[in-house]
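What the coordinates show
Residues per chain are reported as follows:
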Amino acid sequence: MVHGIRRAFGAAFAVLLAVTGCATNGTTPAPSASGLTPVVALTGFGLQGQDAYLLLGERMGFFRDAGIALEVQGGKGTSDNMAILASGRAQFVTSDITAASILFGGGHTDFVIFACVYQRMIAAITARPGAGITTSPKSLEGKTIGRFPGSANSELFPLYAQLAGFDASKVNWQDISNPDDLKPNLAAGKLDAITDTLIGVNGTASVLKDNGVAGPAVVLPFEQYLTDPYGNGWATTTRIMTEQPDLVQRFHDAVLKSLSYALAHPDQAAAVIEADPYHYRPGVAQREIEAMVPQVFTNGDGTLGGIDPDRATRAVSILQGGGLITGDLDPAAYIDFAMARPVQFPQRPGGV
């Protein structure tokens, strides 16, 4: 079952590349007449409160100061994002680092990860109140879970099930082609649970409440059993990293500066994404941004963005043990550890 999931993940990536009709070495961006380099950056999954730091950073001028004209687009998960990156339609993409490791192990090697956003895995399952799902993962057996095809959560689910001690084959999956339909379908009772994130559960709870669903949702975090793997990070193509390392460094610095500032000023970040033209759910964005803090700052020293080589190697070993990666795989082949170093900014949440 696990090997089948890994093959399906790779197959989905190959299909996406075929649909785009592009080679896997997108061209490098050139400066425009304004002197700024136009850059398209994809979020991890749609446009959510957790992505407000990019919008705020652009609004504050952090990217312009770095010589970048930033365009933020909503992503569709690691597999789709990597295909879009390879096609040249985006220069930087958010990617689940663990899912990216699986892709690289499957032979899709045209990317380099250069920064970490979440030091901890944020993948989770959120269950509808009254669906008979408890905090025991085994209670997921026999239930119907909605997912966006190719999402990191669904790809990692068999390994999560293996470590949590239940039968993944007894779970019924419902593929939802539009990521924005996951939460409404859960609220409507068409699903028992959905793939989610520890950040996005705030939005899920809001949708449930707005639709008259009483009681707290049940959240099952993957990190309870997958402790070494990282969460989301930033990736670019090997060509851009090779030909324009200065652009990658400037984007890296602007991204982390934006992230640090937004987490220190969640009200400002929320205001940007809740206003025109985004109109994110009122009151939800700030809670989601505040929920990012323990996932971003976990080292106890106030740093962010770093990826530790030893921990990355342990994470790969876990994936190999679960059958999601076969053969040897050195994380240094797809992670630029020199750039993905811990950094510190003066703007960060109090106490961090």
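This section reports on the structure supplied with the text. (Residues numbered from 1 in each chain as written. Predicted model: local features only at pLDDT ≥ 70, side-chain atom pairs only at ≥ 80, totals over all residues. Heavy atoms only, no water.)

A short note on the overall build of the chain
- Counting its regular elements, the chain contains 13 helices and twelve strands.
- Rg of the C-alpha trace for the chain: 19 Å, near the compact-globule value of 20 Å for 352 residues, within the 12% margin.
- Projected onto the principal axes, the alpha-carbon positions of the chain cover approximately 55 × 45 × 40 Å.
- When the 352 residues of the chain are sorted by exposure, 57% land in the buried category.
- Of all intrachain contacts in the chain linking residues separated by at least 6 positions in sequence, the fraction that spans at least 24 positions is 81%.
- As displayed, the chain offers around 13,500 Å² of accessible surface, 50% of which is attributable to carbon and sulfur atoms. (Helix = DSSP H or I, 4+ residues; strand = E, 2+ residues; numbered from the N terminus. Rg over C-alpha atoms; globule rule 2.2 N^0.38 Å. Buried < 20%, exposed > 50% of the residue type's maximum accessible area, 1.4 Å probe, protein only. Contact = heavy atoms within 4.5 Å. Areas by Shrake-Rupley, 256 points an atom, 1.4 Å probe, with all protein chains shown as cover.)

Things to note about the packing of aromatic side chains
- Following the criterion strictly, the structure yields 17 aromatic pairs and no others.
- With a centroid separation of 5.4 Å and an interplanar angle of 75 degrees, the aromatic rings of Phe45 and Phe148 are classed as edge-to-face. With Phe45 in strand 2 (residues 45-46) and Phe148 in the loop between strand 8 (144-147) and helix 6 (152-164), the pair connects residues that are 103 residues apart, well separated along the chain.
- When its relative accessible area of 23% is taken as the criterion, Phe45 is described as partly exposed.
- An aromatic cluster of three or more residues is present, and its members are Phe157, Tyr160, Phe166, Trp173, Phe222 and Tyr225.
- One residue, Arg311, lies across the ring of Tyr230, its end atom 3.8 Å from the ring centre. (Phe/Tyr/Trp six-rings, centres within 6.5 Å; stacked < 30°, edge-to-face > 60°. Lys NZ or Arg CZ within 6 Å of the ring centre and 35° of its normal.)

Regarding the side chain of Thr78
- Assignment of secondary structure puts Thr78 in helix 4 (residues 78-87).
- Classification of Thr78 by relative accessible area gives buried; the value is 3%.
- Apart from the residues lying within four places of it in its own chain, the contact partners of Thr78 are Ser95, Asp96, Ala99, Ala100, Leu103 and Ala152.

A few points about the environment of Ala235
- By the secondary structure assignment, Ala235 is in strand 12 (residues 232-236).
- Distance from Ala235 to Phe157, taken between C-alpha atoms, is 23 Å for residues 78 residues apart in sequence.
- Among residues more than four places away in sequence, those in contact with Ala235 are Met82, Leu85, Gln91, Phe92, Val93, Val112, Ile113 and Phe114.

Description of the packing of helix 4 against helix 5 (residues 97-105)
- Direction vectors running N to C along helix 4 and helix 5 enclose 60 degrees, while the axes themselves pass 10 Å from each other. Judged by the inter-axis angle, helix 4 sits oblique to helix 5. Our pair here, helix 4 against helix 5, has a crossing hand that is right-handed. Between helix 4 and helix 5, the contacting residues are Thr78, Ser79 and Met82 on the first element and Ala99, Ala100 and Leu103 on the second. (Axes fitted to C-alpha atoms, helices over the stretch in contact; angles between N-to-C directions. Parallel < 35°, antiparallel > 145°, perpendicular 65-115°, else oblique. Left-handed = near helix turned anticlockwise from the far one by under 90°.)

Points about the environment of Pro29
- With respect to the helices, strands and loops of the structure, Pro29 is situated in the loop between helix 1 (2-20) and strand 1 (37-42).
- Between the C-alpha atom of Pro29 and that of Ala90, which follows or precedes it by 61 residues, the distance is 9.7 Å.
- Dropping the residues within four chain positions of it, Pro29 is found in contact with Thr37, Pro38, Gln91, Ile240, Gln244 and Leu247.

Overview of the sheet that holds strand 8
- With respect to topology, five strands assemble into an open sheet ordered 9-8-10-7-11, the strand pairing being mixed. Two strands close off the open sheet at either side, each with one partner strand: strand 9 (172-175) and strand 11 (218-221). Ignoring which end each strand starts from, the neighbouring axes of this sheet average 35 degrees apart.
- Along the sheet face, helix 8 (residues 201-210) touches strand 7 (123-127), strand 10 (193-197) and strand 11 and points at about 140 degrees away from the line of strand 10. (Pairing = 2+ DSSP bridges.)

Brief notes about the pattern of salt bridges
- Throughout the structure, instances matching the rule amount to eight salt bridges.
- Glu58 is the salt-bridge partner of Arg64, the closest N and O atoms lying 3.6 Å from each other.
- For Asp228, the salt bridge is made with Arg314, and the minimal N-O distance between the two is 3.3 Å. Of this pair, Asp228 sits in the loop between strand 11 and strand 12 while Arg314 sits in helix 13 (residues 309-321), and the two are 86 residues apart along the sequence.
- Since its relative accessible area comes to 40%, Arg314 is described here as partly exposed. (Salt bridge = Lys/Arg side-chain N within 4 Å of Asp/Glu carboxyl O.)

Describing unusual backbone geometry
- The omega torsion of the bond from Asp276 to Pro277 falls at 5 degrees, within 30 degrees of zero and hence cis.
- Tracing the backbone through its elements, the reader meets Pro277 in the loop between helix 11 (266-274) and helix 12 (285-296).
- Phi at His279 is positive, roughly 55 degrees, even though this residue is not glycine.
- Here His279 shows up in the loop between helix 11 and helix 12.
- Take His279: its relative accessible area is 53%, and that puts it in the exposed class.

A few points about the packing of helix 2 (residues 52-60) against helix 10 (residues 245-264)
- Contact pair helix 2 / helix 10: the axes reach a minimum separation of 8 Å and the direction vectors enclose 105 degrees. Considering the angle they form, helix 2 stands roughly perpendicular to helix 10. Residues Tyr53, Leu54, Leu56, Gly57 and Met60 of helix 2 form the contact with helix 10, whose own contacting residues are Val255, Ser258, Leu259, Tyr261 and Ala262.

Quick notes on the layout of surface pockets
- In this structure, the largest pocket occupies an estimated 650 Å³ of space.
- Listed by contribution, the elements that provide at least two residues to the lining of the largest pocket are strand 2, helix 4, strand 5 (92-96), helix 6, helix 7 (182-187), strand 10 and helix 8.
- When its residues are assigned to classes, the lining of the largest pocket shows twelve nonpolar, 16 polar and five charged. (1 Å grid on protein atoms, 1.4 Å probe; cavity = no way out; pocket = protein on both sides within 12 Å on 5 of 7 lines; lining within 4 Å. Points joined across faces, edges and corners; volume = space filled by probe spheres on them. Nonpolar A, V, L, I, M, F, W, Y, C, P; charged D, E, K, R; others polar.)

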